[in-house]
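Notes for the structure review
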Amino acid sequence: FSVKLFCSCILPCSFQGGTDVVIHWVQLTVGHLVVHSFYHNQDQLGHQVQRFRDRTSLFKDQISRGNASLQLTGVEVQDQGRYKCHPSTIRGNKDSFINLKVDAPVDEVDLQQVENRTTCSSEGIYPQPELTWSTSPPSNLTFKKQTEVQKTEQLLYNISSSLIPSDTDTDVGYSCTVSTRRNRKRATLFKSDPLPGFRYSDCIYCIYRLNRTLCLISTQSHKKQRFCSNSSQLSSAEVKTD
């Protein structure tokens, strides 16, 4: 099953209850990493891998009834993989396995236009996302694009792409979609008539966050900035997100 990054999850494991219970949880993805151990009626964490410290626990009041499930908090990308639960009693033992997938979904998509270049970016995603460009409405326009993907120390992905829109049709909107196996988000930037005193060479920066779009227009001719909370307040750049 899958869990969102930094959230908590419960890895299920059951057995026929009894006494003298021994429980070992092991991550099998890279060797046999000790995740959590329990015997002599208490946790035994002397061999626990460091990155699992203070993040694992059992339901001790339910162990005698056959519940060996593991609670894992603050899920990290490195936690993804295959786990083995090994509970045993004087009656015998029974191994069970579970695959854990970790997702850091697309949270926001940034669109930035500087002069004739439009840039789209999104950060902190897992697994590696895809970024695609399209026009709204659909058209046969061609444009040059360049996409770059970076992997952070936390194994998350940052992706960015830039293109130079066609000069032949200023009424076309350019859409950027960032998608993963868990979700996708899209932002669209439209051009129309400039605001009084503004030029297309001025900088338009739009960010999609928490179902709202915030746009900032900074200019060379005006020493001020204008913030817009939705697309109805824009005439030089109309932004649509979904």
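Keep in mind the model is a prediction, meaning the values are calculated, not measured.

The rules behind these values
- Residues numbered from 1 in each chain as written.
- Predicted model: local features only at pLDDT ≥ 70, side-chain atom pairs only at ≥ 80, totals over all residues.
- Heavy atoms only, no water.
- Helix = DSSP H or I, 4+ residues; strand = E, 2+ residues; numbered from the N terminus.
- Buried < 20%, exposed > 50% of the residue type's maximum accessible area, 1.4 Å probe, protein only.
- Contact = heavy atoms within 4.5 Å.
- Areas by Shrake-Rupley, 256 points an atom, 1.4 Å probe, with all protein chains shown as cover.
- Phe/Tyr/Trp six-rings, centres within 6.5 Å; stacked < 30°, edge-to-face > 60°.
- Pairing = 2+ DSSP bridges.
- Salt bridge = Lys/Arg side-chain N within 4 Å of Asp/Glu carboxyl O.
- Disulfide = S-S within 2.5 Å.
- pLDDT = per-residue confidence, 0-100.
- Axes fitted to C-alpha atoms, helices over the stretch in contact; angles between N-to-C directions.

Here the focus is the overall build of the protein chain. Counting its secondary structure elements, the protein chain contains zero helices and 21 strands. Counting only residues that meet the buried cut, the protein chain has 41% of its 242 residues in that class. For the protein chain, contacts bridging at least 24 residues in sequence account for 57% of all contacts bridging at least 6. When the accessible surface of the protein chain is split by element, carbon and sulfur atoms take 47% of a total near 13,600 Å².

Another aspect to go through is the packing of aromatic side chains. Across all of its chains, the model carries one aromatic pair by this definition. Between tyrosine 126 and tyrosine 157, the ring centres sit 6.1 Å apart and the planes meet at 25°, which makes this aromatic pair stacked. With tyrosine 126 in the loop between β12 (117–125) and β13 (130–136) and tyrosine 157 in strand β15 (residues 157–164), this residue pair connects regions lying 31 residues apart in the sequence. Look at tyrosine 126 and you get buried, because its relative accessible area is 14%. Overall, tyrosine 157 belongs to the buried group, its relative accessible area being 12%.

Here the focus is the pairing of strand β11 (residues 109–114). As paired strands, β11 and β12 are joined by five bridges and run antiparallel to one another. Residue pairing across strands places glutamine 112 opposite threonine 119, the latter belonging to β12. Between β11 and β12, which pair antiparallel and follow one another directly, the connecting turn spans two residues, one of which, glutamate 115, has a positive phi of 55°.

Overall, the coordinates contain six salt bridges when judged by the stated rule. With a shortest N-O distance of 2.9 Å, arginine 55 and aspartate 79 are connected by a salt bridge. Note that arginine 55 is positioned in the loop between β5 (42–43) and β6 (56–58) and aspartate 79 in the loop between β7 (70–72) and β8 (81–89), a separation of 24 residues in sequence. Take aspartate 79: its relative accessible area is 0%, and that puts it in the buried class. Between arginine 181 and aspartate 103 there is a salt bridge, with its nearest N and O atoms 2.7 Å apart. Of the two residues, arginine 181 is situated in the loop between β16 (173–179) and β17 (184–191) and aspartate 103 in strand β10 (residues 96–103); the sequence distance between them amounts to 78 residues.

The next thing to look at is unusual backbone geometry. Cis geometry is adopted by the peptide bond preceding proline 127, which originates at tyrosine 126 and carries an omega value of -5°. Positive phi, close to 75°, is recorded for phenylalanine 6, a residue that is not glycine. Locating phenylalanine 6 in the fold gives a position in the loop between β1 (2–4) and β2 (9–11). Given a relative accessible area of 62%, phenylalanine 6 falls into the exposed group.

This part takes up the state of the cysteines. One pass over the full model with this rule turns up two disulfides. Disulfide pairing is shown between cysteine 120 and cysteine 176; the S-S distance is 1.9 Å. When the S-S torsion is -70°, as for the bridge of cysteine 120 with cysteine 176, the disulfide is left-handed. Highlighted residues: cysteine 120 in strand β12 and cysteine 176 in strand β16, separated in sequence by 56 residues.

This part covers the confidence of the model for the protein chain. Parts of the prediction with low pLDDT should not have their coordinates interpreted in detail. Here the protein chain averages 81 in pLDDT, and 76% of its residues register 70 or above. Within the model, the stretch residues 193–240 combines pLDDT values under 50 with 109 contacts to residues more than four positions away or in other chains.

Ordered by their spatial adjacency, three strands build an open sheet running β2-β7-β6, and the pairing between neighbours is antiparallel. Of all strands in the sheet, those bounded by a partner on one side alone are β2 and β6. In this sheet, neighbouring strand axes are inclined to one another by 30° on average, regardless of whether the strands run parallel or antiparallel. The sheet contact formed by β6 and β7 spans three bridges and is antiparallel. Bridge pairing in β7 places leucine 58 opposite leucine 70.

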